[in-house]
Amino acid sequence: MKYMGSKKSMLSNGLGEALDRSIGECNRVFDLFTGSGAVAWHVAQHYEREVIASDLQAYAVALAASVIERTEILNSRRWVDSWFQRAEDRQSGDFPSLARLFQNQLKDGGITEKASRAKELCSSTDFPITRAYGGYYFSPIQAVWLDTLRKSLPNNRVHRKIGLAALIIAASQSAASPGHTAQPFKPNETAGRYLMEAWMRDIQFLVRRAVDTLSKKRAMIQGKACVSDANELAKQVSEGDLVFLDPPYSGVHYSRFYHVLETVAVGKVGEISGNGRYPPSSERPRSEYSLRTRSKTVFDDLLRVLSEKGASAIVTFPADAASNGMSGEDVSVLSGQYFDIEEAKVSSRFSTLGGDKKHRDARQNATELILRLSPR
Ligand SMILES: C[S@@+](CC[C@H](N)C(=O)[O-])C[C@H]1O[C@@H](n2cnc3c(N)ncnc32)[C@H](O)[C@@H]1O
């Protein structure tokens, strides 16, 4: 999964230990900004604790739910075959045939001309993902598979959750864009080969592989994932709960980076525009944590509510100044107003922040503060 804020690498680099120390004494574990779900998955898989994960974005909640809401490993894959069969049955008619033909001839000819043809082709269909992103983030047939698999998701609750998360993961892994989906690679001399490479990826393989990975994971205790504002859900925290806080640090809303995954999660999208093929901003969740004028105030409110509830917390934040106007220093000072800081350490992780010009190697080393907070 390509995810710029993922704490996955930090779990084996300081964060895992911090969680281990705090979890021993806690009841439930909340992950209020779950993102890729990496921390919620980790806790649910390794500790006998109910995990409650939330995010403003539906794709993040779908990822978390696919593991933390299930206590059984799934061995059978027969449901996957029938799911793919139902999707294939929806691929009748001219458009899917033309998309398949296009894919077979993808390697012949220049990428600029191929991209124009793909865009023209995809603008003529009613498949929502294909119409919005085909010819940009996905080749026509990749997009058709995403659409038809999305429409054919199983009714069985467990299979549906795994299937949806697998689709989101496969979309992220195949999207022709650097690290996130703020903008697709351009079909020019520099980025054209990355576009082509991404369009050649086999969506069916990626979905099946993600299903396999997810099916082998399970929670020790059944948890819950929901779409919610962190400050709202914080009101449901109780004494003895542990809350993991990994708030946004970017001054650009996360929904701008991940709108393609959100469309896969919800299955529809309104009118899109711009180089990034964004849906209208009214359809993209906005976060006060990404506003320089509001970030400190909302974070302060969150910490105050959690301390009033008697919860403990773990906070991670970039050590240096971040583009949303907060810094590691601010986070320490705000936390110290309400909690005892049991432990403060600095860890490093790879980040795939946007805005770089290298396309492929968007990974940077970032220094991140980890604070372990206990109630006064
Ligand atoms: C730094 S990322 C979290 C990364 C996550 N810990 C991981 O390991 O993948 C911040 C997340 O907060 C979410 N978010 C932003 N504002 C929010 C809010 N007010 N309430 C809940 N989630 C929010 C974003 O959608 C994004 O997924």
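Residues numbered from 1 in each chain as written. Predicted model: local features only at pLDDT ≥ 70, side-chain atom pairs only at ≥ 80, totals over all residues. Heavy atoms only, no water.

Structural notes on the overall build of the protein
Link 1 in the chain: Broken down by element type, the protein carries 17 helices and seven strands.
Link 2 in the chain: In summary, the protein has a C-alpha radius of gyration of 21 Å against a globular reference of 21 Å for 376 residues, a match within 12%.
Link 3 in the chain: A fraction of 76% describes how many contacts in the protein between residues 6 or more apart in sequence connect residues 24 or more apart.
Link 4 in the chain: Of the roughly 16100 Å² that the protein leaves accessible, carbon and sulfur atoms contribute 47%.
Link 5 in the chain: Side-chain charges in the protein split into 50 positive and 43 negative, and the spacing between the mean points of these groups amounts to 5 Å. (Helix = DSSP H or I, 4+ residues; strand = E, 2+ residues; numbered from the N terminus. Rg over C-alpha atoms; globule rule 2.2 N^0.38 Å. Contact = heavy atoms within 4.5 Å. Areas by Shrake-Rupley, 256 points an atom, 1.4 Å probe, with all protein chains shown as cover. Lys, Arg positive; Asp, Glu negative; His and termini not counted. Charge placed at Lys NZ, Arg CZ, Asp CG, Glu CD.)

Focus on the pattern of salt bridges
Link 1 in the chain: Evaluated as defined, the whole model comprises 20 salt bridges.
Link 2 in the chain: Notably, a salt bridge pairs lysine 224 with glutamate 69, separated by 3.3 Å at the nearest N-O pair. Remark: glutamate 69 occurs in the loop between α4 (58-68) and α5 (78-89) and lysine 224 occurs in strand β3 (residues 224-227); sequence separation between them is 155 residues.
Link 3 in the chain: Since its relative accessible area comes to 46%, lysine 224 is described here as partly exposed.
Link 4 in the chain: In this structure, glutamate 308 and arginine 304 form a salt bridge, with 3.5 Å as the shortest nitrogen-oxygen distance. (Salt bridge = Lys/Arg side-chain N within 4 Å of Asp/Glu carboxyl O. Buried < 20%, exposed > 50% of the residue type's maximum accessible area, 1.4 Å probe, protein only.)

A word on the side chain of glutamate 343
Link 1 in the chain: Mapped onto the fold, glutamate 343 is located in strand β6 (residues 339-351).
Link 2 in the chain: A polar contact is formed between the side chain of glutamate 343 and the side chain of arginine 21, at a distance of 2.6 Å.
Link 3 in the chain: In terms of polar contacts, glutamate 343 uses its side chain to reach the side chain of arginine 372, at 2.7 Å.
Link 4 in the chain: Dropping the residues within four chain positions of it, glutamate 343 is found in contact with Arg21, Ile370, Leu371 and Arg372. (Polar contact = N/O pair within 3.5 Å; in protein donor to acceptor, adjacent residues only side chain to side chain.)

Points about the site of the ligand
Link 1 in the chain: Looking at the ligand, there are 21 residues lining it, with Tyr3, Ser36, Asp55, Asp246 and Ser287 nearest.
Link 2 in the chain: A distance of 2.8 Å separates a nitrogen atom of the ligand from a polar atom in the backbone of alanine 230.
Link 3 in the chain: Measuring from a nitrogen atom of the ligand, one finds a side-chain N or O atom of aspartate 246 at 2.6 Å.
Link 4 in the chain: Computed on the free molecule, the ligand has an accessible area of 610 Å², of which 99% lies beneath the protein chains in the complex. (Near = heavy atom within 4 Å.)

Here's the deal with the domain arrangement of the protein
Link 1 in the chain: By the assigned domains, the protein splits into domain 1 (8-71 + 219-248 + 287-375) and domain 2 (78-215).
Link 2 in the chain: Inter-centroid distance (C-alpha atoms) of domain 1 to domain 2 is 32 Å.
Link 3 in the chain: Between domain 1 and domain 2, the residue contacts involve 14 residues of the former and 16 residues of the latter.
Link 4 in the chain: Carbon and sulfur atoms supply 68% of the area buried between domain 1 and domain 2, which totals about 1300 Å² over both sides. (Domains from an automatic or database assignment. Buried area = accessible area lost by both parts, 1.4 Å probe.)

Some details on the nonpolar core
Among soluble globular proteins, nonpolar side chains are generally buried collectively.
Link 1 in the chain: Core analysis: the biggest nonpolar cluster contains 127 residues, and Leu32, Trp83, Val207, Leu245 and Phe299 have the highest contact counts within it.
Link 2 in the chain: Both domain 1 (8-71 + 219-248 + 287-375) and domain 2 (78-215) contribute no fewer than three residues apiece to this core.
Link 3 in the chain: Excluding anything up to four places from it in sequence, valine 207 contacts Trp83, Phe84, Leu149, Ala166, Leu167 and Ala170. (Core = buried A, V, L, I, M, F, W, Y, C linked by side-chain atoms within 4.5 Å.)

Some thoughts on empty space enclosed by the protein
Link 1 in the chain: For the structure on display, the rule yields one cavity of 30 Å³ or more.
Link 2 in the chain: Of the pockets and cavities examined, the largest cavity occupies roughly 40 Å³.
Link 3 in the chain: Lining of the largest cavity is provided by Lys2, Ser172, Ala175, Ser177, Gly179, His180, Thr181, Tyr258 and Leu261.
Link 4 in the chain: Grouping the amino acids of the lining of the largest cavity by side-chain chemistry returns three nonpolar, five polar and one charged. (1 Å grid on protein atoms, 1.4 Å probe; cavity = no way out; pocket = protein on both sides within 12 Å on 5 of 7 lines; lining within 4 Å. Points joined across faces, edges and corners; volume = space filled by probe spheres on them. Nonpolar A, V, L, I, M, F, W, Y, C, P; charged D, E, K, R; others polar.)

Quick word on the packing of α5 against helix α12 (residues 203-215)
Link 1 in the chain: Where α5 contacts α12, the two axes come as close as 11 Å, and the packing angle between them is 150 degrees. Looking at the two axes, α5 sits roughly antiparallel to α12. Along this stretch, α5 crosses α12, giving a crossing that reads as right-handed. In this structure, α5 uses Trp79, Val80, Asp81, Trp83 and Phe84 to contact α12, whose residues at the interface are Gln204, Val207, Arg208 and Val211.
Link 2 in the chain: Looking at side-chain class alone, the contact of α5 with α12 contains six nonpolar, one polar and two charged residues. (Axes fitted to C-alpha atoms, helices over the stretch in contact; angles between N-to-C directions. Parallel < 35°, antiparallel > 145°, perpendicular 65-115°, else oblique. Left-handed = near helix turned anticlockwise from the far one by under 90°.)

Notes on the packing of aromatic side chains
Link 1 in the chain: Evaluation of the coordinates by the stated rule reveals 13 aromatic pairs.
Link 2 in the chain: Plain terms: the ring middles of tryptophan 79 and tryptophan 83 are 6.0 Å apart, the flat faces sit at 15 degrees to each other, and that makes the pair stacked. With tryptophan 79 and tryptophan 83 both in helix α5 and four residues apart, this pair spans about one turn of that helix. Across the pair, tryptophan 83 and tryptophan 79 agree in class, each one buried.
Link 3 in the chain: Arranged with centres 6.4 Å apart and planes meeting at 25 degrees, the rings of tyrosine 254 and tyrosine 258 form a pair that is stacked. Exposure class is identical for tyrosine 254 and tyrosine 258. Each is buried.
Link 4 in the chain: Through a chain of ring-to-ring contacts, three or more aromatic side chains come together here, namely Tyr3, Tyr59, Tyr254, Phe257 and Tyr258. (Phe/Tyr/Trp six-rings, centres within 6.5 Å; stacked < 30°, edge-to-face > 60°.)

Some remarks on the environment of glutamine 236
Link 1 in the chain: If you trace the backbone, glutamine 236 turns up in the loop between α13 (230-233) and β4 (242-245).
Link 2 in the chain: Sequence-wise, glutamine 236 and phenylalanine 30 are 206 residues apart; in three dimensions their C-alpha atoms are separated by 10.0 Å.
Link 3 in the chain: Among residues more than four places away in sequence, those in contact with glutamine 236 are Arg28 and Phe30.

Some details on helix α17 (residues 328-338)
Link 1 in the chain: Of all the residues in α17, the buried ones are Gly328, Val331, Leu334, Ser335 and Tyr338. Seen end-on, α17 carries its buried residues on one side only, within an arc spanning 130 degrees. (Arc of directions from axis to C-beta.)

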